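What follows is the residue order along each chain.
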Amino acid sequence: MSDESIIRVGGPSSPTNNNDIAIANNIMEGWKPILYKGGGSTTFAVESNRMTANKNGMVVQFGVNDITVSGNTMALGSAPAADAAAMYATAVQGGSMLNNVASGFSGSRAWGGS
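Quick look at the structure, then. (Residues numbered from 1 in each chain as written. Predicted model: local features only at pLDDT ≥ 70, side-chain atom pairs only at ≥ 80, totals over all residues. Heavy atoms only, no water.)

1. Thoughts on the packing of aromatic side chains
The tally for this structure, following the rule as stated, stands at 1 aromatic pair. When the ring of tyrosine 36 is compared with that of phenylalanine 44, the centres are 4.6 Å apart and the planes differ by 40°; the resulting orientation is tilted. Considered together, tyrosine 36 and phenylalanine 44 belong to a single accessibility category, that of buried residues. (Phe/Tyr/Trp six-rings, centres within 6.5 Å; stacked < 30°, edge-to-face > 60°. Buried < 20%, exposed > 50% of the residue type's maximum accessible area, 1.4 Å probe, protein only.)

Have a look at this one:
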């Protein structure tokens, strides 16, 4: 289920060489609405989206150099996974998270990473 995403984006090794990526002003509902894999992006911005997720609202993996996450609303879906989280990030270097709201996620599962 890791690839059941509404928006799946690869980094510079992908055929389109994605260097600057912005995802904004969307309404998404699913297992994992946003999955960014591949890293190395110059900038990655996720702004003013409404997401309902059963696993993760957003996952960012493998070496993103600059990320902006602002003004998003992330809610837990009606059939959640046991380890559901609003956002999960791995190997992100630099960025900001401002004015986001996560609701329905239990414990420390709103924002996490490794």
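2. Some words on the sheet that holds strand S10 (residues 85–89)
Taken together, 5 strands build an open sheet; the order of strands is S1-S4-S7-S10-S13 and the sheet is parallel. A single partner strand is all that each edge strand has here, and the edge strands are strand S1 (5–10) and strand S13 (111–113). Averaged over all adjacent pairs, the angle separating strand axes in this sheet is 10°, with direction ignored. In the sheet, strand S4 (residues 32–37) pairs with strand S7 (residues 56–60) via 3 bridges, with the strands oriented parallel. Counted as the bridge partner of leucine 35 is valine 59 from S7. (Pairing = 2+ DSSP bridges. Helix = DSSP H or I, 4+ residues; strand = E, 2+ residues; numbered from the N terminus. Axes fitted to C-alpha atoms, helices over the stretch in contact; angles between N-to-C directions.)

3. Looking at the side chain of serine 5
Summarising the element assignment, serine 5 is placed in strand S1. Of note is the side chain of serine 5, whose polar atom sits 3.4 Å from the backbone oxygen of lysine 32. Among residues more than four places away in sequence, those in contact with serine 5 are Lys32, Pro33 and Leu35. (Polar contact = N/O pair within 3.5 Å; in protein donor to acceptor, adjacent residues only side chain to side chain. Contact = heavy atoms within 4.5 Å.)

4. Overview of the pairing of strand S8 (residues 67–70)
Here 4 bridges tie strand S5 (residues 43–47) to S8, and the two strands are oriented parallel to one another. When the sheet's bridge partners are listed, alanine 45 is paired in S8 with threonine 68. Judged from the 4 bridges that link them, S8 and strand S11 (residues 95–98) form a sheet pairing that is parallel. Looking at S11, one finds that valine 69 is bridged to methionine 97.

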